[in-house]
Amino acid sequence: AKRVGGSGWRAYDPTSALRRARSRLLEAEMRNSLEQGEFFLLYQPQVSLTTGRLIGAEALLRWQHPVLGMISPAEFISISEANGFICDLGQFMFTEACRAATGWPSHVSVAVNISPVQFQRGDLLADIRAALAKSGLAPNRLHVEITESILIERSEELFATLEALHALGVTIALDDFGTGYSSLGYISSLPLDKLKIDQSFVRDMVSDPTAQAIVQAVTTLAHGLGLKVVCEGVENALQCEMLAAMRCEEGQGYFFGRPQPARQVQALSAAHSLL
Ligand code: C2E
Ligand code: CA
Ligand code: CA
Ligand code: CA
């Protein structure tokens, strides 16, 4: 048993001890793994719901460890945020994603996720400028996805960084919309281009009128603010039809394609329609 805050005793919990040990192991391994090339990006198709054409792809990070196997971003991103390593990963992601996108047709963009920690630590703008310069990718083909949690602080610095990115020509999307707590007034003051509606709403939409009403309301609101709407987690044709009827511009999900290597995205870009 273990002493808890002087107030009592709690049984030793082997699962949480194992989890902590695994976290420490991953933390100890990640720097070396990046140098060894064990991190890589897969790209998930983003499709126009009006034309059915591929218009972009979201870069999603993967870690293939030689002994531990495939490690999920849900597990290692939070660890890398806690120790600041996410900034090194970010530099890698921007460089790699921009390079990959230069192999795609010029109407296909690449979207990179940015963690709130990258705004606080590290030199996000310099990393992005460097990746664009090195790859020669047109800045308007780079999209970044930020989450609502980034907006809690309302810092001048965050605002300035977003403005600078926008001035570069980079497109800014607000990710996982509907799961956070951002005020509409504040959102409308930011230089955003797109809202991504979280997959939980899209998943429930077919069976749950409330979820459907939320997707419809958010879409109308986004359009009122001059933003485009991307729906995540589109898994079947019915969802696709409902979203198109609601005038959502773009869809992303297993219905169009799983996260996949860059050269497969290039092949998809030749398809007439992915609908
Ligand atoms: P996210 O940004 O919301 O990414 C979408 C996640 O939903 C991805 O999981 C994707 O594989 C999954 N997904 C896509 N379509 C479908 C679908 O139709 N059905 C279902 N059930 N799931 C779908 P993944 O790749 O495991 O990434 C999980 C999260 O990890 C991401 O959520 C993002 O928050 C984080 N992440 C991944 N890569 C990066 C990265 O490069 N940088 C940062 N900062 N975070 C990342
Ligand atoms: Ca995302
Ligand atoms: Ca998302
Ligand atoms: Ca999500």
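Worth saying up front: this structure is predicted, and the values here are computed from it rather than measured.

A. How the structure looks around the pairing of strand S7 (residues 142-147). By the criterion of burial, S7 is predominantly enclosed, with five of the six residues buried. In this structure, strand S6 (residues 109-113) lies alongside S7, joined through four bridges in parallel fashion. Directly across from Asn113, in S7, lies its bridge partner Glu145. Each parallel crossover has a hand, and for S7 linked through helix H6 (residues 156-168) to strand S8 (residues 171-177) it is right-handed.

B. Broad picture of the coordination of the calcium ion (ligand 2). Within the protein, the atoms that donate to the calcium ion (ligand 2) are Glu58 (OE), Asn113 (OD1), Glu145 (OE) and Asp175 (OD), at distances of 2.2 to 2.3 Å. All donors of the calcium ion (ligand 2) belong to a single chain; written as a sequence motif, their spacing is E-x54-N-x31-E-x29-D. Taken as an interatomic distance, the gap from the calcium ion (ligand 2) to the calcium ion (ligand 3) is 3.7 Å; Asp175 donates to each of them. Here the residue Glu58 occupies a position in strand S4 (residues 54-65), and Glu145 occupies one in strand S7, the gap between them amounting to 87 residues. Residue Glu58 is classed as buried on the basis of its relative accessible area of 5%. Judged by relative accessible area, Glu145 falls into the buried class, the value being 2%.

C. Just the layout of surface pockets, in detail. There is about 940 Å³ of room inside the largest pocket. Those elements that provide at least two residues to the lining of the largest pocket are S4, helix H2 (73-83), helix H3 (86-101), helix H4 (116-120), S7 and S8. Split by residue class, the lining of the largest pocket holds 12 nonpolar, 12 polar and nine charged.

D. Spotlight on the confidence of the model for the protein. Counting all residues, the mean pLDDT for the protein is 92, and 96% of those residues have values of 70 or more. The complex prediction reports pTM at 0.93, with the ipTM value standing at 0.93.

Reading the values: the criteria
- Residues numbered from 1 in each chain as written.
- Chains lettered and ligands numbered in written order.
- Predicted model: local features only at pLDDT ≥ 70, side-chain atom pairs only at ≥ 80, totals over all residues.
- Heavy atoms only, no water.
- Buried < 20%, exposed > 50% of the residue type's maximum accessible area, 1.4 Å probe, protein only.
- Helix = DSSP H or I, 4+ residues; strand = E, 2+ residues; numbered from the N terminus.
- Pairing = 2+ DSSP bridges.
- Right-handed = clockwise from strand over helix to strand, strands pointing away.
- Donors = N, O, S within 2.8 Å, 3.2 Å for Na, K, Ca; no water.
- 1 Å grid on protein atoms, 1.4 Å probe; cavity = no way out; pocket = protein on both sides within 12 Å on 5 of 7 lines; lining within 4 Å.
- Points joined across faces, edges and corners; volume = space filled by probe spheres on them.
- Nonpolar A, V, L, I, M, F, W, Y, C, P; charged D, E, K, R; others polar.
- pLDDT = per-residue confidence, 0-100.

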